[in-house]
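Structural overview for review
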Amino acid sequence: RQIPGNNQITAALFIQQGHYDRLLQQAREKLQLRAQLLTRALREALPDAQFSMPDGGATLWLTLAGEHDLLSLYYAGVAKGVLFDPGNAFCFEPDTLARPSVRLGFGSIAQELIAPGIRELGLVINAHAKRPAIVRS
């Protein structure tokens, strides 16, 4: 009914010797770098979309400009190999979103794939807009 003693001792030594803290710091640094790459790529590929730099974690919420059918957009993304979560999947009443939003996960994406993936996502989003964003001069 409990974890074997040798596993407990191994975990305790791992923590005591500082390996766990180093592992967490490495994870934080990798996620921060990925977030920076992601936000830079989003500014280039989707300049009209809105987002905030994540303070932590491994996801970013992106609010799209224009009107979009998020389910159609999702399947178009899947067909092109870019995955995201439609924002309305996180709403109690999915049709109540003021503006279409998507959640982008970046925790397990290789750094070198982030920019090309976001460029492809930008193409998919722009190609499937019901009504494009209004460009103001």
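Overview of the structure.

Structural notes on the pairing of strand β4 (residues 101-105)
Where strand β1 (residues 59-63) lies against β4, five bridges are found, and the strand directions are antiparallel. Bridge pairing in β4 places Leu60 opposite Leu104. Strand direction decides the pairing type here: strand β3 (residues 85-86) and β4, joined by two bridges, are antiparallel. Residue pairing for β4: Pro86 is matched across the bridge by Val102.

A few points about helix α3 (residues 70-79)
For α3, every residue scored as buried is listed here: Leu70, Leu73, Ala76 and Gly77. Projected onto a plane normal to the axis of α3, the buried residues spread over an arc of 120 degrees and lie on a single side. Relative to its buried face, α3 has exposed residues pointing more than 90 degrees away, namely Leu71, Tyr75 and Ala79. Between the side-chain oxygen of the N-cap and the backbone nitrogen of Leu71 there are 3.2 Å, and the N-cap of α3 in question is Asp69. Taken from the residues just after α3, Gly81 is the one with a positive phi, measuring 85 degrees.

Conventions adopted
Residues numbered from 1 in each chain as written. Predicted model: local features only at pLDDT ≥ 70, side-chain atom pairs only at ≥ 80, totals over all residues. Heavy atoms only, no water. Pairing = 2+ DSSP bridges. Helix = DSSP H or I, 4+ residues; strand = E, 2+ residues; numbered from the N terminus. Buried < 20%, exposed > 50% of the residue type's maximum accessible area, 1.4 Å probe, protein only. Arc of directions from axis to C-beta. Polar contact = N/O pair within 3.5 Å; in protein donor to acceptor, adjacent residues only side chain to side chain.

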